[in-house]
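Structural description and commentary
Single-letter residue listing:
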Amino acid sequence: MNVLQLVTSPRPFFDQQVSVLEARGVDCTVLEVPGAHSGDSSRSATDYARYYPRILSELRSNDYDLVHANYGLVAPFALAQPTRPVVLSLWGTDLMSDHDWLRSLSRFGARHANAAIVPSRAMSSVLETDHELIPFGVDTDLFEPMSQADARERVGWETDRPIALFPYDRTRAVKDYPRARRLVERADADLELRTVTGVDHEEIPSYMNASDVLLVTSERESGPMVVKEAAACNLPVVSTDVGFVRETVADVTDCVVSDDDTALIDGLEYVADARRRSDGREAIDGLSLDALGTSLLSVYRRVLERDDSAGRRAEVGHGV
């Protein structure tokens, strides 16, 4: 099976998705929207205008079985090509966006795709059209508990104080680092706030195991995946009620999800005083990358088995 993967910007969880599909014999080609994107800066309309011709060129050159659009912004480009069936995965900041136009675009894409996928129950509850609920998978071989002393030595943190980990670039406004700093300063605890950004994804488990609590103060999130990864490391979580945080840690000990500062501060104080790990790894049972790969491949096969795939199947050797 050959699949063209369309994406705005690859993320670690997307790269893992591609890897587990390829491990199951699916040949994936990733086509990213051209142009630079970082932090809160976005690509231009010109960048997106250049994208569709690249998609057509790729489809003319290769015999793909289907197109998988990852994120609502790329859905129109996938649907505009007339020959291959389309699978659309919504990530969260598209369907749950603050922008009406992006929410509408995401719903439009879900209605017209051959299959739509969402990663959380919160998203599932607001998407009226038929869809699949397939949570993002966690690499539980990479993200696993380890000795805090060993982890601190590995990352070079020479301190015995409890640490609250802020896992984002502090300059990204949507992550609200100033709120995280205020919460830690107001907490009646000898708690130290540390940030980590710009390191290889493979190193993040060491930082999580070196910490005592993951602190998320984001105004909005599509996930965040760091909460699932923290749970896999048995790291307690204190977070605003964004994305799929609540459903991820609902049954996890020593975790607090709230939009109220007092509740978040109480959570930080409790974790700093107790200094114990959560039972998050048990709670995310079933969210492995293997489960993700199996579910996605099942969706692909069902789409391709449908009669004529809603008119989008290309005959072998036909161009766009």
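Residues numbered from 1 in each chain as written. Predicted model: local features only at pLDDT ≥ 70, side-chain atom pairs only at ≥ 80, totals over all residues. Heavy atoms only, no water.

1. Some details on the confidence of the model for the protein
Note the following rule: As a per-residue measure, pLDDT tells how confident the predictor is, with possible values from 0 to 100. Every residue pair with non-hydrogen atoms within 4.5 Å of one another is taken to be in contact.
When pLDDT is averaged along the protein, the result is 90; 94% of the residues meet or exceed 70. Across residues 311-320 the pLDDT falls below 50, and counting only partners more than four positions away or on other chains, this stretch makes 26 contacts in the model.

2. Considerations on the nonpolar core
The tendency in soluble globular proteins is for nonpolar side chains to be buried as a group. Where we set the bar: By convention a nonpolar core is built from buried Ala, Val, Leu, Ile, Met, Phe, Trp, Tyr and Cys residues, the set being connected through side-chain atoms within 4.5 Å. Partly exposed residues are those whose accessible area sits between 20% and 50% of the maximum for their type, while under 20% is buried and over 50% is exposed, using a 1.4 Å probe and protein chains only.
In terms of nonpolar packing, the biggest core is built from 103 residues, with Leu-6, Met-208 and Leu-214 touching the most fellow members. Apart from residues no more than four positions distant in its own chain, Met-208 is found in contact with Phe-143, Leu-165, Val-226, Glu-229, Ala-230, Cys-233, Leu-235 and Arg-277.

3. Considering the packing of aromatic side chains
Short version of the rule: Pairs were defined over the aromatic rings of Phe, Tyr and Trp, the Trp ring being its six-membered one, requiring ring centres within 6.5 Å. Orientation was assigned from the angle between planes: stacked under 30 degrees, edge-to-face over 60, tilted for the rest. Comment: elements are numbered from the N terminus, with helices defined as DSSP H or I runs of at least four residues and strands as E runs of at least two.
Inspection of the entire model under this criterion finds ten aromatic pairs. Residues Tyr-51 and Phe-77 carry aromatic rings whose centres are separated by 5.4 Å and whose planes lie at 75 degrees to one another, so their mutual orientation is edge-to-face. Highlighted residues: Tyr-51 in helix 3 (residues 51-61) and Phe-77 in helix 4 (residues 75-80), separated in sequence by 26 residues. Of the two residues, Tyr-51 and Phe-77, both sit in the buried class. A centroid spacing of 5.5 Å and a plane angle of 70 degrees characterise the contact between Trp-157 and Tyr-207, whose relative ring orientation is edge-to-face.

4. Observations regarding the packing of helix 1 (residues 12-23) against helix 14 (residues 289-305)
Formally: Fitting a line to C-alpha atoms yields each axis, with helices limited to the stretch in contact; the angle taken between N-to-C directions then spans 0 to 180 degrees. Angles below 35 degrees are treated as roughly parallel, those above 145 as roughly antiparallel, those between 65 and 115 as roughly perpendicular, and all remaining angles as oblique. Note on residue categories: nonpolar means Ala, Val, Leu, Ile, Met, Phe, Trp, Tyr, Cys or Pro, charged means Asp, Glu, Lys or Arg, and polar means any other residue, Gly included.
Where helix 1 contacts helix 14, the two axes come as close as 9 Å, and the packing angle between them is 70 degrees. With respect to helix 14, the axis of helix 1 lies roughly perpendicular. The residues of helix 14 that touch helix 1, namely those facing Gln-16, Gln-17, Val-20 and Leu-21, are Leu-289, Leu-292, Gly-293, Leu-296, Leu-297 and Tyr-300. In terms of residue class, the contact of helix 1 with helix 14 is built from seven nonpolar, three polar and no charged.

5. Some remarks on the sheet that holds strand 6 (residues 132-133)
Selection criterion: Note: two strands are recorded as paired if DSSP finds a minimum of 2 bridges between them.
Strand order in the open sheet made by the six strands is 2-1-3-4-5-6, with parallel pairing throughout. Here the strands that pair on one side only, and so sit at the sheet edges, are strand 2 (27-32) and strand 6. Alignment of strand 1 (residues 2-7) against strand 2, held across six bridges, turns out to be parallel. Bridging across to strand 2, Val-7 finds its partner in Glu-32.

6. Observations regarding the pairing of strand 3 (residues 66-70)
For clarity, the threshold we go by: With its strands directed away from the observer, a crossover is right-handed exactly when the path from the first strand over the helix to the second travels clockwise.
With five of its five residues buried, strand 3 lies for the most part within the structure. Covered by surrounding structure in strand 3 are Leu-66, His-68 and Asn-70 together with Val-67 and Ala-69, the residues of both alternating faces. Bridge analysis of strand 1 against strand 3 gives five bridges, and the strand direction is parallel. Across the sheet, the residue bridging to Gln-5 is His-68, located in strand 3. With four bridges joining them, strand 3 and strand 4 (residues 86-89) adopt parallel strand pairing. The partner of Ala-69 across the bridge, within strand 4, is Leu-88. In this region the chain leaves strand 3, passes through helix 4 and returns to the parallel neighbour strand 4; the handedness of that crossover is right-handed.

7. Side note on unusual backbone geometry
Backbone geometry places Tyr-71, a non-glycine residue, at a positive phi of 105 degrees. Classification of Tyr-71 by relative accessible area gives buried; the value is 10%. Even without a glycine there, the phi angle at Arg-275 is positive, about 50 degrees. Relative to the helices and strands, Arg-275 is located in the loop between helix 12 (261-274) and helix 13 (280-283).

8. With respect to the sheet that holds strand 11 (residues 256-257)
Here five strands make up an open sheet; going across it, the order is 8-7-9-10-11 and the pairing parallel. Of all strands in the sheet, those bounded by a partner on one side alone are strand 8 (192-195) and strand 11. Along the sheet, helix 10 (residues 225-232) makes contact with strand 9 (213-216) and strand 10 (237-239), crossing strand 9 at roughly 170 degrees. Strand contacts of helix 12: strand 9, strand 10 and strand 11, with the helix running at about 165 degrees to strand 10, the strand carrying the most contacts.

9. A closer look at the environment of Cys-28
With respect to the secondary-structure elements, Cys-28 resides in strand 2. What makes Cys-28 buried here is its relative accessible area of 13%. Sequence-wise, Cys-28 and Val-18 are ten residues apart; in three dimensions their C-alpha atoms are separated by 6.7 Å. With residues up to four places along the chain from it excluded, the contact list for Cys-28 reads Val-3, Gln-5, Val-18, Leu-21 and Glu-22.

10. Structural notes on the packing of helix 8 (residues 177-186) against helix 12
As a reminder of what qualifies: Left-handed describes a crossing in which the near helix is turned anticlockwise from the far one by less than a right angle; the clockwise case is right-handed.
Between helix 8 and helix 12, the shortest axis-to-axis distance is 9 Å and the interhelical angle comes to 60 degrees. In this view, helix 8 runs oblique relative to helix 12, as classed from their interaxial angle. Crossing of helix 8 against helix 12: the hand is right-handed. In this structure, helix 8 uses Arg-179, Leu-183, Val-184 and Arg-186 to contact helix 12, whose residues at the interface are Asp-261, Leu-264, Ile-265, Leu-268 and Glu-269. A class-by-class count of the residues in the contact of helix 8 with helix 12 yields five nonpolar, no polar and four charged.

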